[in-house]
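Breakdown of the fold
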Amino acid sequence: MERDKRRTIGVDKDDVLVDLNTSLQRFHNEQYGTSFVLDDVYSFNLWEIWQCSYEEAVGRVIAYYKSGEMKRVLPMEGAVEAMEILKQKFDLVIITSRPKEFTAETLYTTEKYFPDCFSAIYHTNLLVADWKTKRKKSEICLEQGVDTLIDDSLDNVRDCALVGIKTLLYRRPWNLSAPDELLMQEGIMPVKSWQEIVDCLLSKGFFVN
Ligand SMILES: [Mg+2]
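Residues numbered from 1 in each chain as written. Predicted model: local features only at pLDDT ≥ 70, side-chain atom pairs only at ≥ 80, totals over all residues. Heavy atoms only, no water.

1. Quick word on helix α3 (residues 54–67)
The end-to-end C-alpha separation of α3 is 20 Å, in line with the 20 Å expected for 14 residues at 1.5 Å each. Those residues of α3 not exposed but buried are Ala-57, Val-58, Arg-60, Val-61, Ile-62, Tyr-64 and Tyr-65. Gly-68 sits one or two positions beyond α3 and adopts a positive phi of about 90°. (Helix = DSSP H or I, 4+ residues; strand = E, 2+ residues; numbered from the N terminus. Expected span 1.5 Å × (residues − 1). Buried < 20%, exposed > 50% of the residue type's maximum accessible area, 1.4 Å probe, protein only.)

2. Observations regarding the pairing of strand β3 (residues 120–123)
As judged from the four bridges shared by strand β2 (residues 91–96) and β3, these two strands associate in the parallel manner. Looking at the pairing, Val-93 lines up with Ala-120 of β3. (Pairing = 2+ DSSP bridges.)

3. Some thoughts on the packing of aromatic side chains
Evaluated as defined, the whole model comprises nine aromatic pairs. Centroid distance Tyr-64 to Tyr-65: 6.3 Å. Interplanar angle 50°. Geometry classified as tilted. Here the two residues Tyr-64 and Tyr-65 agree in accessibility, since each one is buried. On the numbers, 6.3 Å between centres and 80° between planes, the contact of Phe-114 with Phe-118 is edge-to-face. Owing to a relative accessible area of 2%, Phe-114 belongs among the buried residues under this scheme. An aromatic cluster is present here, built from Phe-27, Tyr-64, Tyr-65 and Phe-102 joined pairwise through their rings. Between Arg-60 and the ring centre of Tyr-32, over which it is positioned, the NZ or CZ distance is 4.2 Å. (Phe/Tyr/Trp six-rings, centres within 6.5 Å; stacked < 30°, edge-to-face > 60°. Lys NZ or Arg CZ within 6 Å of the ring centre and 35° of its normal.)

4. Details of the domain arrangement of the protein
Looking at the assigned domains, one finds that the protein contains domain 1 (8–19 + 75–202) and domain 2 (21–72). Here the C-alpha centre of domain 2 lies 21 Å away from the C-alpha centre of domain 1. In this complex, domain 1 contributes 14 residues to the contact, which on the side of domain 2 involves 17 residues. Roughly 1600 Å² of surface becomes buried between domain 1 and domain 2 when both sides are summed, with 66% attributable to carbon and sulfur atoms. The interface formed by domain 1 and domain 2 includes four residue pairs in polar contact (both at pLDDT 80 or more). Split by residue class, the side of domain 1 that touches domain 2 holds six nonpolar, two polar and six charged. (Domains from an automatic or database assignment. Contact = heavy atoms within 4.5 Å. Buried area = accessible area lost by both parts, 1.4 Å probe. Polar contact = N/O pair within 3.5 Å; in protein donor to acceptor, adjacent residues only side chain to side chain. Nonpolar A, V, L, I, M, F, W, Y, C, P; charged D, E, K, R; others polar.)

5. Focus: the coordination of the magnesium ion
Coordination of the magnesium ion by the protein is provided by Asp-12 (OD), Asp-14 (O) and Asp-152 (OD), with metal-donor distances spanning 2.0 to 2.3 Å. One chain supplies every donor for the magnesium ion, spaced along it as D-x1-D-x137-D. One end of the pair, Asp-14, is in the loop between β1 (8–11) and α1 (20–32); the other, Asp-152, is in the loop between β4 (148–151) and α7 (154–161), and 138 residues separate them in sequence. Each of the two residues, Asp-14 as well as Asp-152, counts as buried. (Donors = N, O, S within 2.8 Å, 3.2 Å for Na, K, Ca; no water.)

6. What about a nonpolar patch on the surface?
On the surface, a cluster of nonpolar side chains totalling about 330 Å² of accessible area is made up of Leu-142, Leu-162 and Val-163. Residue Leu-142 is classed as exposed on the basis of its relative accessible area of 53%. (Patch = residues over 30% accessible without salt bridge, like charges linked within 9 Å, V, L, I, M, F, W, Y side chains within 5 Å. Areas by Shrake-Rupley, 256 points an atom, 1.4 Å probe, with all protein chains shown as cover. Salt bridge = Lys/Arg side-chain N within 4 Å of Asp/Glu carboxyl O.)

7. Describing the pattern of salt bridges
Under the defined criterion, the tally for this structure stands at 13 salt bridges. A salt bridge links Asp-14 to Arg-98; the shortest N-O distance between them is 2.5 Å. Remark: Arg-98 occurs in the loop between β2 and α5 (103–113) and Asp-14 occurs in the loop between β1 and α1; sequence separation between them is 84 residues. For the residue pair Asp-14 and Arg-98, the accessibility class agrees, reading buried in each case. With a shortest N-O distance of 2.6 Å, Asp-180 and Arg-171 are connected by a salt bridge. Residue class for Asp-180 comes out partly exposed when judged on its relative accessible area of 37%. Here the residues in one salt-bridge network are Asp-12, Lys-137 and Asp-151, joined through shared partners.

If you want it as structure tokens, here you go:
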């Protein structure tokens, strides 16, 4: 019988495992008197959505991180069921851009919704002031032997695809600018749901090419 080595799948946390952006926009609306909904977030660059400076946008995201709201985010539709299926066949790790100082919040919802699914959580520290602690997801994937990354950031999937890591881009309002055809040419698989992700990862051909 053919025996596969267990492959390692890297899964992004925000807007892939949990619906962070709905919570973040709600917080923003309450704090700054705006009325954004998820479909308004057409860009990953929140300063373009909120019409403020980069520094101001980072400050607002950090304020959200510190507010405690992050502990109340809900899982993305189908994510809990998908992890139960995928953990049978793969080693799963979380690779998040959240700063490491918010590990407690990250652990809280991971253990609440995805207990015993992930063997490690890696942080790229995207928004911290100390640039020396920032990392690329491709560095973590190569260092940890991650075969495949599931992420909603175009930058992250492109970064990983360029070094030969298989990538799935979870379609969200802020990553629709790149058409499916272009992504496929770049070696990136666009996906619209967790059901599609599971079907893709379990299909016979996915790890062949
Ligand atoms: Mg994300």
